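Secondary and tertiary structure notes
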Amino acid sequence: MLRGDVVVRVIPVDGGPVTLGRDLGNRVVLVDGSVSGHHAVVQCGPDGMLVRDLGSTNGTFVNETAVEGSTRLQHGDELRLGPDLRLRVRAAPSQPSGVLVLRDLSAGTVHLLEDDRFVIGSAEGAGVRLSEGPARAATLLVHADGEVWLGTEDGDRPLAPGETFEIAGAPFAVELLAQDTSLVPTARPALAARYPYTLTVTLDAAAGSLAVVTDPQGATCRIDADQRVVLLWLLAKQRRDDRAARVVPALAGWCHDEDLMVGVWGREVLQGAASRYSVLLHRVRKDFEAAGLDPWCLEKRRGATRLLIDDVRLA
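Before going into details, it helps to say that this report is about the structure given with it. Since this is a predicted model, take the numbers as computed values, not measurements. (Residues numbered from 1 in each chain as written. Predicted model: local features only at pLDDT ≥ 70, side-chain atom pairs only at ≥ 80, totals over all residues. Heavy atoms only, no water.)

So, the overall build of the chain
- A count of helical and extended segments in the chain gives 4 helices and 27 strands.
- Taken over C-alpha atoms, the radius of gyration comes to 22 Å for the chain, in line with the 20 Å a tight globule of 315 residues would show.
- The principal-axis extents of the C-alpha atoms in the chain amount to approximately 70 × 60 × 35 Å.
- A burial count over the chain gives 41% of its 315 residues as buried.
- Within the chain, counting contacts between residues at least 6 apart in sequence, those at least 24 apart form 47% of the total.
- In the structure as shown, the chain presents an accessible area of about 16,200 Å², 51% of it carried by carbon and sulfur atoms.
- Of the charged side chains in the chain, 34 are positive and 42 negative, and the gap between their average positions amounts to 4 Å. (Helix = DSSP H or I, 4+ residues; strand = E, 2+ residues; numbered from the N terminus. Rg over C-alpha atoms; globule rule 2.2 N^0.38 Å. Buried < 20%, exposed > 50% of the residue type's maximum accessible area, 1.4 Å probe, protein only. Contact = heavy atoms within 4.5 Å. Areas by Shrake-Rupley, 256 points an atom, 1.4 Å probe, with all protein chains shown as cover. Lys, Arg positive; Asp, Glu negative; His and termini not counted. Charge placed at Lys NZ, Arg CZ, Asp CG, Glu CD.)

So this is what it looks like as structure tokens:
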């Protein structure tokens, strides 16, 4: 549920119907004069998540299209009740029904993607060790829902199942195989433990804004470019707030890209901001990497971004 561009409440949609309206008998009671007593209902079923208007006075809308009968909801859709009350649909991740593997097509080897990060490069400890080239030529970012993103110095993007891609001239592919009962699942480490960094962000128009990231080994990254500092402040605030609310780790810290772009540039320049946002992420990652930090603590998925840093401090 949104107030302005701020998420003020998360409403889980499980097996039972979620009724919305002013009447106290609703599962979600909305104190808003433009909302009907029994306004709408959202429910998951065999056809996915559906919203149905209950004959409300001011209507129910999905992405500004009036709901007539039932309308299927997708991740990222915006639901509006009456003129002002807005909710955004966020899909909860689910575990893939199989085993994710990386095929090294030139070497003829298969590597299990049993961790949330998998490095291809010349660094010691890389999942696929290259004889030469960058220490971290590529990083595979494995999300909880089984989607895999490829991260390189040129940016990051989702990989289609079975898609072939090249790293340092060698072909690779990520595949989802049927579960092999001979394989024992390996517990993934806590995400925050992977990046035991501390981020301190100060927003001060008069004295100048500053973001400082440090790790226990003494590496320090200082960022004073305004847009980069604002981005890190927004991401850090979401991580802090979700931690305080005890949001489950798979969902914690995610910010919708649109909200971040509005926070950095303002809604009036939102048109065409997507390419600028990609450049902004790339520059922040380059700052991290230049300081000896892992740039993939800044994580991306479709329509959302989060910062996986252990300790955040806002001033």
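Anyway, onward from the coordinates.
Brief notes about the packing of helix H3 (residues 257–265) against helix H4 (residues 273–290)
- Running from N to C, H3 and H4 point in directions that differ by 85°, and their axes come no closer than 11 Å. With respect to H4, the element H3 is oriented roughly perpendicular. Within the contact between the two elements, H3 uses Asp257, Leu260, Met261, Val264 and Trp265 and H4 uses Ala273, Ala274, Arg276, Tyr277 and Leu280.
- Here the contact of H3 with H4 is built from residues that sort into 8 nonpolar, no polar and 2 charged. (Axes fitted to C-alpha atoms, helices over the stretch in contact; angles between N-to-C directions. Parallel < 35°, antiparallel > 145°, perpendicular 65-115°, else oblique. Nonpolar A, V, L, I, M, F, W, Y, C, P; charged D, E, K, R; others polar.)

Points about the sheet that holds strand E17 (residues 148–152)
- Pairing is mixed across the open sheet formed by 5 strands, whose spatial order is E15-E14-E16-E17-E18. Lying at the two open borders of the sheet, with one neighbouring strand each, are strand E15 (128–129) and strand E18 (155–158).
- Pairing of strand E14 (residues 117–121) with E15, which is carried by 2 bridges, proceeds in the parallel orientation. Counted as the bridge partner of Ile120 is Val128 from E15. (Pairing = 2+ DSSP bridges.)

Looking at the state of the cysteines
- This model, assessed by the stated rule, comprises 0 disulfides.
- Left unpaired, Cys221 is separated from the closest cysteine sulfur, that of Cys297, by 9.1 Å.
- A residue is classified by how much of its surface remains accessible, and Cys221, at 3% relative accessible area, is buried.
- Of all cysteine sulfurs in the structure, the one in Cys297 sits closest to Cys255, which takes part in no disulfide; the separation is 14 Å. (Disulfide = S-S within 2.5 Å.)

Some remarks on the side chain of Thr305
- With respect to the helices and strands, Thr305 occurs in strand E26 (residues 304–307).
- Classification of Thr305 as buried rests on a relative accessible area of 1%.
- Separated by 2.7 Å, the side chains of Thr305 and Asp257 make a polar contact.
- At 2.7 Å, the side chain of Thr305 and the side chain of Tyr277 are in polar contact. (Polar contact = N/O pair within 3.5 Å; in protein donor to acceptor, adjacent residues only side chain to side chain.)

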